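Descriptive structure summary
Each chain is listed here by its residues.
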Amino acid sequence: MASARSLAAISILAAILAVAGCTQGPDFQPPPVPAGEAAPAAPERTAETRVAGGEAQFIVLDEDLPAEWWELFASAELNQLIRQALAGNPDLRSAQAALRQAEENLRAGSSVLYPQATGSVGASRQMQGAAVSGGQASFYNVFNASVSVSYVLDVFGGERRTIEGLAAQVDYKKYQLAGTYLTLTANVVTTAVQLAAAQDQIQATQDIIESEERQLALVGDRFAVGSAARAEVLAARAQLETTEATLPALKKVLETEQHELAALLGHAPDDRPPVRLTLANFTLPRELPLSLPSTLVRQRPDIRAQEALLHAASAGIGVAIANQFPQFTLTGTTGGQASHFTNIFGENALLFGLAGGIVQPLFDAGQRKAETNAAEAAYAMAEAQYRGTVIHALQNVADCLTALQTDAQALKSTYAAMIDGKESVELTQDRYAAGTVDYVTLLVQQQQYQQARIAYLTTLANRYSDTAALFQALGGGWWHDPNLIG
């Protein structure tokens with residue numbers, strides 16, 4: 001009879017475990033890729049200028065990016081800065097710690113699928129009153145030890161959906177780490193380029209100042225012999241002072257970029273690296289990869305992170321639905337109790353218990369239904385945010401392609417203006433020295449040349465910065481780094 005009851009109990013337990021595979025809520029499927037396979041409109045090649053940094057760039061469809069994409073700029077100085085940033089940047093360290101935290105939360109949450117065992121040992125001294133013991137109070141000891149094993153039967157899959165959500169959070173933190181890595185490396189590149197541009201602009205301005213100092217001396221000499229008016233001397237001096245007045249702003253930009261670079265490397269502003277960069281330290285990458293939309297959504301870490309949040313929201317629906325159903329638990333306890341500690345494991349002291357429990361919500365004033373509705377709304381919100389992130393990513397790539405083409409055209413114009421301006425100044429200086437033109441003509445030519453030279457350096461820097469921006473928009477090749485995809 002006892003064996004029959006045991007068999008019935010086992011059969012019931014087996015039936016309960018059999019339905020434990022009934023997981024509530026939707027099974028997550030990654031969102032479909034954007035409709036169509038057309039790449040963003042882009043010319044096959046950009047305009048070309050016959051100067052370093054003015055080379056034509058070619059669009060290569062669906063070519064992969066290397067993990068260390070910044071090496072395409074062929075700058076040893078830049079590579080060293082990137083290594084220092086990856087080793088010392090606190091934002092990257094924070095993102096790595098956040099990923100480890102999510103992994104440990106998943107590991108902790110997964111333990112709910114396994115039996116939980118606890119042990120306890122206790123001792124007490126008790127007194128039995130005279131009325132109970134037959135006329136004389138007595139004192140005695142009670143020792144006990146037990147092991148309790150409990151197990152939550154995940155009949156409707158709420159726990160598994162919770163673990164699924166924790167796993168999605170791990171993915172989210174992983175892609176956040178990849179995004180932090182990509183943003184950091186891109187910021188180091190663009191900051192280094194802007195720092196180099198500021199250094200070149202300062203050098204160009206100092207060259208112009210030296211030329212204008214010589215010009216002021218020439219005008220002074222002519223004034224001394226009576227062949228130039230005092231107004232020409234004042235104009236030459238004013239032009240020199242105007243040019244000198246542009247130096248503080250350029251030096252401010254240089255200092256700011258140095259501070260920014262120090263922060264990216266994990267240093268205080270006063271602990272900035274002793275690096276002197278010019279645009280000549282960089283080589284313009286000639287081939288530019290262009291991903292199809294279906295490839296881009298698997299490469300951009302911000303899109304993958306948003307997909308992970310969508311997955312977590314989907315699992316949240318399952319958790320909310322499962323909470324509306326009964327919760328099943330099993331608990332077993334074994335141990336011993338005796339008046340002497342050495343006897344608690346004896347046959348006569350053994351204790352054993354087995355219990356099962358079912359908790360069914362009966363009335364909650366609509367709480368669980370509202371929680372399910374809220375979970376479904378959270379999923380709809382995450383879905384809209386995912387779609388918005390994809391649209392922004394496609395826009396980002398298109399903007400970068402436009403910028404690269406306009407940068408190449410602008411460089412062609414500013415370089416020509418700078419060369420023509422330089423020749424014009426030299427010719428006008430000779431004519432002024434010969435007395436065939438007035439100083440106002442020379443002054444205008446000097447101003448135009450100064451503006452053209454600074455504009456040329458600005459557009460040259462833009463070509464490097466916007467190339468880095470395209471590499472960042474395409475995802476930066478993080479999927480090739482084992483430290484990020486592990």
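Residues numbered from 1 in each chain as written. Predicted model: local features only at pLDDT ≥ 70, side-chain atom pairs only at ≥ 80, totals over all residues. Heavy atoms only, no water.

A separate point is the overall build of the protein. Looking only at helices and strands, one finds 11 helices and 6 strands in the protein. When the 486 residues of the protein are sorted by exposure, 39% land in the buried category. Restricting the contact set of the protein to residue pairs at least 6 apart, pairs at least 24 apart contribute 81%. About 25,300 Å² of surface is accessible on the protein, with carbon and sulfur atoms providing 57% of the total. (Helix = DSSP H or I, 4+ residues; strand = E, 2+ residues; numbered from the N terminus. Buried < 20%, exposed > 50% of the residue type's maximum accessible area, 1.4 Å probe, protein only. Contact = heavy atoms within 4.5 Å. Areas by Shrake-Rupley, 256 points an atom, 1.4 Å probe, with all protein chains shown as cover.)

What follows deals with the environment of Tyr175. Structurally, Tyr175 is set in helix H5 (residues 158-224). On a C-alpha basis, the gap between Tyr175 and Ala305 in space is 5.1 Å, while along the polypeptide they are 130 residues apart. Contacts of Tyr175, omitting those with residues within four sequence positions, involve Pro301, Arg304, Ala305 and Trp478.

Helix-helix packing: each pair is described by the crossing angle between the helix axes and the interaxial distance. Contact geometry of helix H9 (residues 367-434) with helix H10 (residues 439-473) gives a least axis separation of 7 Å together with a crossing angle of 155°. Between H9 and H10, the crossing angle belongs to the class labelled roughly antiparallel. In this structure, H9 meets H10 at a crossing whose hand is left-handed. Split into classes, the residues belonging to the contact of H9 with H10 amount to 23 nonpolar, 12 polar and 5 charged. (Axes fitted to C-alpha atoms, helices over the stretch in contact; angles between N-to-C directions. Parallel < 35°, antiparallel > 145°, perpendicular 65-115°, else oblique. Left-handed = near helix turned anticlockwise from the far one by under 90°. Nonpolar A, V, L, I, M, F, W, Y, C, P; charged D, E, K, R; others polar.)

Before going further, it helps to spend a moment on the packing of aromatic side chains. In this structure the tally under the stated criterion is 10 aromatic pairs. Here Trp478 and Trp479 contribute two aromatic rings whose centre-to-centre distance is 6.0 Å and whose plane-to-plane angle is 80°, an arrangement assigned as edge-to-face. Both residues of the pair, Trp478 and Trp479, belong to the buried class. Taken together, Trp69, Trp70, Phe73, Tyr181 and Phe471 form an aromatic cluster joined through their ring pairs. Across from the ring centre of Tyr432, 4.5 Å away, lies the NZ or CZ of Arg222, which sits over that ring. (Phe/Tyr/Trp six-rings, centres within 6.5 Å; stacked < 30°, edge-to-face > 60°. Lys NZ or Arg CZ within 6 Å of the ring centre and 35° of its normal.)

All right, on to the pattern of salt bridges then. Scanning the entire structure with this criterion turns up 9 salt bridges. A salt bridge links Asp27 to Arg161; its shortest N-O distance comes to 2.7 Å. Note that Asp27 is positioned in the loop between helix H1 (2-18) and strand S1 (58-61) and Arg161 in helix H5, a separation of 134 residues in sequence. Taking relative accessible area as the criterion, Asp27 reaches 58% and is therefore assigned exposed. On the basis of relative accessibility, which here comes to 4%, the residue Arg161 falls in the buried class. Note that Asp302 and Arg300 form a salt bridge whose closest N and O atoms lie 2.8 Å from each other. Here Arg300 falls in the buried class, since its relative accessible area comes to 6%. In this structure, a network of salt bridges that share partners links the residues Asp27, Arg161 and Glu164. (Salt bridge = Lys/Arg side-chain N within 4 Å of Asp/Glu carboxyl O.)

In the predicted model, the protein carries a mean pLDDT of 87, and the fraction of residues at 70 or more is 89%. Scored below 50 in pLDDT, residues 1-11 shows 0 contacts in the model against residues more than four places distant or in partner chains. (pLDDT = per-residue confidence, 0-100.)

Together, Asp62, Glu63, Asp64 and Glu287 make up a region of like negative charge exposed at the surface. Of note, Glu63 is situated in the loop between S1 and helix H2 (76-88). In this structure Glu63 comes out as partly exposed when scored by relative accessible area, which is 34%. (Patch = residues over 30% accessible without salt bridge, like charges linked within 9 Å, V, L, I, M, F, W, Y side chains within 5 Å. Lys, Arg positive; Asp, Glu negative; His and termini not counted. Charge placed at Lys NZ, Arg CZ, Asp CG, Glu CD.)

Moving on: the side chain of Thr49. In this fold, Thr49 is placed in the loop between H1 and S1. In terms of polar contacts, Thr49 uses its side chain to reach the backbone amide nitrogen of Lys412, at 3.4 Å. Discounting residues that sit within four places of it in the chain, Thr49 has contacts with Gly54, Glu55, Ala408, Leu411, Lys412 and Tyr415. (Polar contact = N/O pair within 3.5 Å; in protein donor to acceptor, adjacent residues only side chain to side chain.)

Counting 86 residues, the largest nonpolar core has Trp69, Phe73, Leu78, Val188, Val189 and Leu279 as the members making the most contacts within it. Ignoring anything within four residues of it in the chain, the contact list for Leu78 reads Trp70, Phe73, Val188, Val189, Ala192 and Phe282. Residues Leu153, Val155, Phe156 and Phe328 belong to the second largest nonpolar core, which totals 5 residues. (Core = buried A, V, L, I, M, F, W, Y, C linked by side-chain atoms within 4.5 Å.)

The terminal C-alpha atoms of H10 lie 50 Å apart, and with 35 residues this matches the ideal 51 Å at 1.5 Å per residue to within 8%. Looking one or two residues beyond H10, the residue adopting positive phi is Gly475, at roughly 105°. (Expected span 1.5 Å × (residues − 1).)

Here Ser291 shows up in the loop between strand S4 (287-290) and helix H7 (293-299). Judged by its relative accessible area of 5%, Ser291 falls in the buried class. One polar contact links Ser291 to Gln299, side chain to side chain, over a distance of 3.1 Å.

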